[in-house]
Amino acid sequence: MDDYRSTRMFGMAIGVLGPVLVAAALVGVRDEVEGANLALILVLVVVLAAITGGWQAGAVAGVTSALAFDFFLTRPYLSLTIDSQDDVETAILLLIVGVSVGILAGRARVAVEAARRGSSEIERIHRVAELAAQGARSEDVLLEAQAQLSELLELKGCRFEAPPFGVPLARIERNGTVTGTSTRHYARGELELPREGVEMPVLARGQQIGRFVLDPAPGAGISLESRVVAVAIADQVGAALTSPVHG
């Protein structure tokens, strides 16, 4: 979570400051280089911001690039007015292209992250399933599952409970939805797990044989897909705990 926020903040910083710094650095060559070429250099900054910080950073960089181009690289200099019709058109095109490229690059980054996350989530299920298939001790399967759930759901803590259970908690259902809570918080556009804790049933042959008690980290938005993967991990644990090899 911290790495995610740091990367997004860094990308936003590029979007806000990058075009200004680059445009200022181009002041020395603005009389030798055509305005369109100067604008293309600023578009590169937009792409960098979007790749680093997402489409929001790219959009901010597009707007900032247009303003920086106007202020530093068009006559009258150090002013937000433009004398040349060609420079007016270039500034408008820079704004349009910059914002569009920023949004497209940001969306491409999200798609790549989603593909990488999907591959990682499949690997998490595989690790638990492989231990179970190899006949590892139940304790080892549980420890691996707890480790994978803690990383996947960005938890502060995760433990397994066998019946009888303790305090009733909100629940992650089979389809990944969260029930049993009246308040909902969101972060990064995704649902946070209930801050007071949440349970995830462990089933075997349709019967609940235990539960994982999850202690979420505040400010961690967890996607529906990640919650469904967590349920799949719990299913692997249920199968392992009732297998004759482990029994």
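Everything below is about the structure shown above.
Read on for an overview of the structure. Because the structure is predicted, anything quoted here is derived from the model rather than measured.

**Describing the packing of helix H2 (residues 35-53) against helix H3 (residues 55-73)**
Line of reasoning, step 1. Direction vectors running N to C along H2 and H3 enclose 155°, while the axes themselves pass 8 Å from each other. When the axis of H2 is compared with that of H3, the two are roughly antiparallel. For the element pair H2 and H3, the recorded crossing hand is right-handed. Touching Gly-35, Leu-38, Ala-39, Leu-42, Val-46, Ala-49, Ala-50 and Gly-53 of H2 are Trp-55, Gln-56, Ala-57, Gly-58, Ala-61, Gly-62, Ser-65, Phe-69 and Leu-73, all from H3.
Line of reasoning, step 2. Broken down by class, the residue content of the contact of H2 with H3 amounts to 11 nonpolar, 6 polar and no charged.

**Notes on the pattern of salt bridges**
Line of reasoning, step 1. Counting across every chain of the model gives 10 salt bridges.
Line of reasoning, step 2. Between Glu-151 and Arg-124 there is a salt bridge whose closest N-O contact spans 3.0 Å. With Glu-151 in helix H5 (residues 138-152) and Arg-124 in helix H4 (residues 85-133), the pair connects residues that are 27 residues apart, well separated along the chain.
Line of reasoning, step 3. Residue classification places Arg-124 among the buried positions, given a relative accessible area of 13%.

**Topic: the environment of Glu-34**
Line of reasoning, step 1. Of note, Glu-34 is situated in the loop between helix H1 (2-25) and H2.
Line of reasoning, step 2. Accessibility expressed as a relative area gives 56% for Glu-34, which makes it exposed.

**A few points about H5**
Line of reasoning, step 1. Compared with the 21 Å implied by 1.5 Å per residue over 15 residues, the 21 Å span of H5 between its first and last C-alpha is a close match.
Line of reasoning, step 2. Positioned one or two residues after H5, Glu-154 has a phi angle of 55°, which is positive.

**Digging into the environment of Gln-56**
Line of reasoning, step 1. Relative to the helices and strands, Gln-56 resides in helix H3.
Line of reasoning, step 2. Sequence separation between Gln-56 and Arg-107 is 51 residues, and the spatial gap between their C-alpha atoms is 9.9 Å.
Line of reasoning, step 3. The residues touching Gln-56, leaving out its near neighbours within four places in the chain, are Arg-8 and Met-12.
Line of reasoning, step 4. A distance of 2.7 Å separates polar atoms of two side chains, one belonging to Gln-56 and the other to Arg-8.

**Notes on a nonpolar patch on the surface**
Line of reasoning, step 1. Side chains of Val-63, Leu-67, Leu-80, Ile-92, Leu-93, Leu-95, Ile-96 and Val-97 sit close together on the surface and give an oily, nonpolar patch of about 690 Å² of accessible area.
Line of reasoning, step 2. Mapped onto the nonpolar patch, the elements with two or more residues apiece are H3 and H4.
Line of reasoning, step 3. No other element matches the 5 residues that H4 contributes to the nonpolar patch.
Line of reasoning, step 4. Along the chain, the position of Leu-67 falls in helix H3.
Line of reasoning, step 5. Of the residues examined, Leu-67 reaches a relative accessible area of 46% and is grouped as partly exposed.

**Here's the deal with the nonpolar core**
Line of reasoning, step 1. Leu-149, Leu-153, Met-200, Phe-212 and Leu-214 are the most contacted members of the largest nonpolar core, which totals 30 residues.
Line of reasoning, step 2. Met-200 has contacts with Leu-149, Ile-172, Arg-211, Phe-212, Leu-214, Ala-230, Val-231 and Ala-234, leaving out every residue within four places of it along the chain.
Line of reasoning, step 3. In terms of nonpolar packing, the next biggest core, distinct from the first, is built from 12 residues, Leu-26, Val-43, Leu-73 and Ala-91 among them.

**Here we look at empty space enclosed by the protein**
Line of reasoning, step 1. Under the definition given, this model contains 1 cavity of 30 Å³ or more.
Line of reasoning, step 2. Estimates place the volume of the largest cavity at around 40 Å³.
Line of reasoning, step 3. Together, Val-178, Thr-181, Thr-183, Arg-184, His-185, Leu-191, Glu-192, Leu-193 and Pro-194 line the largest cavity.

**Side note on the pairing of strand E7 (residues 207-216)**
Line of reasoning, step 1. Both strand E1 (residues 155-161) and E7 contribute to a ladder of 6 bridges, which runs antiparallel. From the neighbouring strand, Leu-155 faces E7, where its bridge partner is Pro-216.
Line of reasoning, step 2. When strand E6 (residues 198-204) meets E7, the two strands line up antiparallel, connected through 7 bridges. Across the sheet, Val-202 pairs through a bridge with Gly-210, a residue of E7.
Line of reasoning, step 3. Hairpin geometry of E6 and E7 is characterised by an intervening segment of 2 residues between the two adjacent antiparallel strands and by a positive phi of about 55° at Arg-205.

The rules behind the values
- Residues numbered from 1 in each chain as written.
- Predicted model: local features only at pLDDT ≥ 70, side-chain atom pairs only at ≥ 80, totals over all residues.
- Heavy atoms only, no water.
- Axes fitted to C-alpha atoms, helices over the stretch in contact; angles between N-to-C directions.
- Helix = DSSP H or I, 4+ residues; strand = E, 2+ residues; numbered from the N terminus.
- Parallel < 35°, antiparallel > 145°, perpendicular 65-115°, else oblique.
- Left-handed = near helix turned anticlockwise from the far one by under 90°.
- Contact = heavy atoms within 4.5 Å.
- Nonpolar A, V, L, I, M, F, W, Y, C, P; charged D, E, K, R; others polar.
- Salt bridge = Lys/Arg side-chain N within 4 Å of Asp/Glu carboxyl O.
- Buried < 20%, exposed > 50% of the residue type's maximum accessible area, 1.4 Å probe, protein only.
- Expected span 1.5 Å × (residues − 1).
- Polar contact = N/O pair within 3.5 Å; in protein donor to acceptor, adjacent residues only side chain to side chain.
- Patch = residues over 30% accessible without salt bridge, like charges linked within 9 Å, V, L, I, M, F, W, Y side chains within 5 Å.
- Areas by Shrake-Rupley, 256 points an atom, 1.4 Å probe, with all protein chains shown as cover.
- Core = buried A, V, L, I, M, F, W, Y, C linked by side-chain atoms within 4.5 Å.
- 1 Å grid on protein atoms, 1.4 Å probe; cavity = no way out; pocket = protein on both sides within 12 Å on 5 of 7 lines; lining within 4 Å.
- Points joined across faces, edges and corners; volume = space filled by probe spheres on them.
- Pairing = 2+ DSSP bridges.

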